[in-house]
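Chain by chain, the residues:
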Amino acid sequence: MSAVETIHVDGVWRAAASGAQREVLDPADAKTLAVVAEGGAEDTDAAIAAARRAFDSGPWPHTPVAERAALLRRVADLLQRDREEIALLESRDTGKTLEEGRVDVDDVTNAFRYFADLVTGESPGRVVDAGSPDVHSVVVHEPVGVCAMITPWNYPLLQASWKVAPALAAGNTFVIKPSEVTPLSTVHMVKLLVEAGLPNGVANLVTGAGDPVGARLSEHPDVDLVSFTGGLISGTKVAQAAAPSVKKVALELGGKNPNVVFADACATDEGFDTAVDQALNAAFIHSGQVCSAGARLIIEESVRERFVAELVRRAEKIKLGRGTEDGVECGPLVSAQQLAKTQAYVASALEEGAVLRTGGKQPEPSDVRPATGYFYLPTVLDQCHREMRVVREETFGPILSVETFSTEDEAVTLANDTEYGLAGAVWSSDTARARRVAARLRHGTVWINDFHPYLPQAEWGGFGKSGVGRELGPAGLDEYRETKHVYENLRPSPVRWFGG
């Protein structure tokens, strides 16, 4: 098999130094979709060295803000030019539907345009009143330096853009390592950065496994910041590896997200229909492989049976299949490993007393559901409680657990009873109650009478073990900048503190 050049270092595409390769599988049928270079420590060190040179002696950190923003806008235009190609690539690689892939490309485009607008709209610095006309004092922002970016497999292009766009807007250089499971759209994005005119060495890409590539990025002393999105265990390792060099760390580590539904939200037929529909969306979009998935339905006891019965009826009608096929609403899980993990969580829940209302197995094969694909039926587990693993741990599969409450305080207690704190929702026709409960929820994003929307201008991140730092919004840009105070004495004179 000929060498595959998916590693990008200092403007050059190349194969892995070792010659190693990896097959990328189509999760719909487990067949080979592509072959990529399997980078190692040598490739990672070369990429870091290129990014270091580009930052220390290259033009990008000193490029005027307007020019950096113009490049981001060119990338956004190229993303739209290649929208169908990228959406298909993302659908084939992750298993999500083609329409979800199109939405992802549009969201990525919006992220690049948002950060372009944000940096061009900022003032060059904040003047500080020093209390004297003889002092000029200003606080300015500068790029942090060389950034390491480690991205997940569920939203590979989207999560990459949340890091790449603000990093470039701020004037940084970077090395990105996409998930070895879904690297293809990130490779395409780097090609677009090159086409848009980004100088050599600014954007570097190493395809390969978390160990050694991710580990080396996290520990390397020439890396100034590491931004990681993924699981809690891996994120902890990243933080530990980064600690000796005291580099900046940004971690988005997922969640176990409550969807709290009060009975008054279901008082009308329209309200009931909407709440059920959104509970399905919260749990089963992208087969539940979403960090903010509403995997915990916390429903008021008085409407539980009616609500869950209708939820089950609709879940059983969800059309599974290849994400590229017309009419398919939900694709496969991303890998055999993720399928096995989902099966294990359902088995443990049943052992711990959960009641299976629907799903809990793989579907029968068909033309659009090959027997070798990693498909799993949307699953609803009733009568769950906080001691169950399926309620405590992030499953990242099409599993919805059902818990009940009787009072507002009980609903809040249940919703906050998690070591995570990424996102959550509250459903109520009582505006005062909904806002009151939202204020008490310890989660980084709280939706009222909705689930899943986000805005590039609003920060994204979580409390507790959901991570450190924020992406998107002004704070998402600040993650990639250092703050400097410049104090200028306009009329210097001796202090005379010491005699002589």
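As named in an unreviewed UniProt entry, the chain is Betaine-aldehyde dehydrogenase, taken from Streptomyces himastatinicus ATCC 53653. According to the UniProt record, the Sequence similarities (unreviewed entry) comment for the chain reads "Belongs to the aldehyde dehydrogenase family."

A. Region of the structure containing the overall build of the chain. Across its full length, the chain holds 15 helices and 20 strands. Relative to a compact globule of 500 residues, whose C-alpha radius of gyration would be 23 Å, the chain shows 24 Å and is just as compact. Over its C-alpha atoms, taken along the principal directions, the chain stretches across nearly 85 × 65 × 40 Å. By residue count, 56% of the 500 residues in the chain fall in the buried class. The contacts in the chain between residues at least 6 apart in sequence include a share of 73% that link residues at least 24 apart. With an accessible surface of roughly 20300 Å², the chain has 51% of that area assigned to carbon and sulfur atoms. Averaging the positions of the 49 positive and the 69 negative side-chain charges in the chain gives two centres separated by 2 Å.

B. Structural view of helix 13 (residues 408-416). Every buried residue of helix 13 is listed here: Glu408, Ala411, Val412, Leu414 and Ala415. Each buried residue of helix 13 lies within a common arc of 165° when the element is viewed along its axis, so the set occupies one face. Tucked into the core, helix 13 has its buried residues touching strand 12 (258-261), strand 13 (296-300), strand 16 (399-405) and helix 14 (431-440).

C. Spatial organisation of the UniProt feature "domain: Aldehyde dehydrogenase" (unreviewed entry) in the chain. Those places that UniProt annotates as "domain: Aldehyde dehydrogenase" (unreviewed entry) correspond, in this numbering, to residues 13-486. Structurally, residues 13-486 is divided into 40% helix and 19% strand, and its ends, taken at the C-alpha atoms, are 41 Å apart.

D. Region of interest: the UniProt feature "active site" (unreviewed entry) in the chain. Here, UniProt's "active site" (unreviewed entry) annotation points to Glu252. The residue Glu252 is located in strand 11 (residues 248-252) in this model. Leaving out residues up to four positions away in the same chain, Glu252 has contacts with Gln159, Phe228, Thr229, Gly230, Cys291, Leu422, Trp460, Ser466 and Glu471.

E. The pattern of salt bridges, seen in detail. Per the stated rule, a full pass over the model turns up 43 salt bridges. Linking Asp117 and Arg73 is a salt bridge whose minimum nitrogen-to-oxygen distance equals 2.7 Å. Taken together, the residues Asp117 in helix 4 (residues 98-120) and Arg73 in helix 2 (residues 65-81) connect sequence positions 44 residues apart. Note that Arg81 and Asp82 form a salt bridge whose closest N and O atoms lie 2.8 Å from each other. Classification of Arg81 as partly exposed rests on a relative accessible area of 48%. Bridged by salt links that share partners, the residues Asp264, Glu408, Asp409, Arg433, Arg436 and Arg440 form one connected network.

F. Structural context of the sheet that holds strand 18 (residues 445-448). The strand order across the open sheet formed by seven strands is 14-15-16-13-12-17-18, and the pairing between neighbours is mixed. Each having just a single partner strand, strand 14 (355-358) and strand 18 make up the two edges of the open sheet. Sheet twist, expressed as the mean angle between neighbouring strand axes with direction ignored, is 25°. Of the strand pairs in this sheet, strand 17 (residues 423-427) and strand 18 are connected by four bridges, and their pairing is parallel. Bridge pairing in strand 18 places Val426 opposite Ile448. Of the strands in this sheet, strand 12, strand 13, strand 14, strand 15 (379-382) and strand 16 are in contact with helix 10 (residues 304-315), which crosses strand 14 at around 50°.

G. Seen up close, the packing of helix 9 (residues 269-284) against helix 10. It is the contact of helix 9 with helix 10, at a shortest axis distance of 10 Å, that shows an interaxial angle of 55°. When the axis of helix 9 is compared with that of helix 10, the two are oblique. The two elements helix 9 and helix 10 meet at a crossing, and its hand is right-handed. Across the interface between the two elements, Asp269, Phe272, Asp273, Ala275, Val276, Asp277, Ala279, Leu280 and Phe284 of helix 9 pack against Arg306, Phe307, Glu310, Leu311, Arg314 and Ala315 of helix 10. Here the contact of helix 9 with helix 10 is composed, by residue class, of nine nonpolar, no polar and six charged.

H. Here's a closer look at the sheet that holds strand 5 (residues 126-128). Judged by pairing direction, the sheet is antiparallel, and its three strands sit side by side in the order 5-6-20 without closing on themselves. Single-partner strands in this sheet number two, and they are strand 5 and strand 20 (481-489). Strand-to-strand, the axes of this sheet are offset by a mean angle of 25°, without reference to chain direction. Bridge analysis of strand 6 (residues 135-143) against strand 20 gives nine bridges, and the strand direction is antiparallel. Bridge assignment links Val135 to a residue of strand 20, and that residue is Asn489.

I. View of the environment of Val190. Following the sequence through the fold, Val190 ends up in helix 6 (residues 184-195). By relative accessible area, Val190 is classed as buried at 0%. On a C-alpha basis, the gap between Val190 and Val164 in space is 9.8 Å, while along the polypeptide they are 26 residues apart. Every residue in contact with Val190, bar those within four places of it in the chain, is listed here: His8, Trp13 and Leu205.

J. Just the pairing of strand 6, in detail. Looking at chain direction, strand 5 and strand 6 are connected through three bridges and run antiparallel. Each residue of the ladder has a partner; that of Val127, found in strand 6, is Val138. Here strand 5 folds back onto strand 6, and the loop between the two strands holds six residues, one of which, Gly131, carries a positive phi near 80°.

K. The arrangement of the environment of Pro365 in detail. Turning to its location among the elements, Pro365 is positioned in the loop between strand 14 and strand 15. When the C-alpha positions of Pro365 and Gly321 are compared, they lie 9.4 Å apart, and in sequence the two are 44 residues distant. Those residues in contact with Pro365 that sit more than four places away from it in its chain are Pro370 and Ala371.

Thresholds, definitions, all that
- Residues numbered from 1 in each chain as written.
- Predicted model: local features only at pLDDT ≥ 70, side-chain atom pairs only at ≥ 80, totals over all residues.
- Heavy atoms only, no water.
- UniProt positions renumbered as here; feature names shortened; annotations may be inferred.
- Helix = DSSP H or I, 4+ residues; strand = E, 2+ residues; numbered from the N terminus.
- Rg over C-alpha atoms; globule rule 2.2 N^0.38 Å.
- Buried < 20%, exposed > 50% of the residue type's maximum accessible area, 1.4 Å probe, protein only.
- Contact = heavy atoms within 4.5 Å.
- Areas by Shrake-Rupley, 256 points an atom, 1.4 Å probe, with all protein chains shown as cover.
- Lys, Arg positive; Asp, Glu negative; His and termini not counted.
- Charge placed at Lys NZ, Arg CZ, Asp CG, Glu CD.
- Arc of directions from axis to C-beta.
- Salt bridge = Lys/Arg side-chain N within 4 Å of Asp/Glu carboxyl O.
- Pairing = 2+ DSSP bridges.
- Axes fitted to C-alpha atoms, helices over the stretch in contact; angles between N-to-C directions.
- Parallel < 35°, antiparallel > 145°, perpendicular 65-115°, else oblique.
- Left-handed = near helix turned anticlockwise from the far one by under 90°.
- Nonpolar A, V, L, I, M, F, W, Y, C, P; charged D, E, K, R; others polar.

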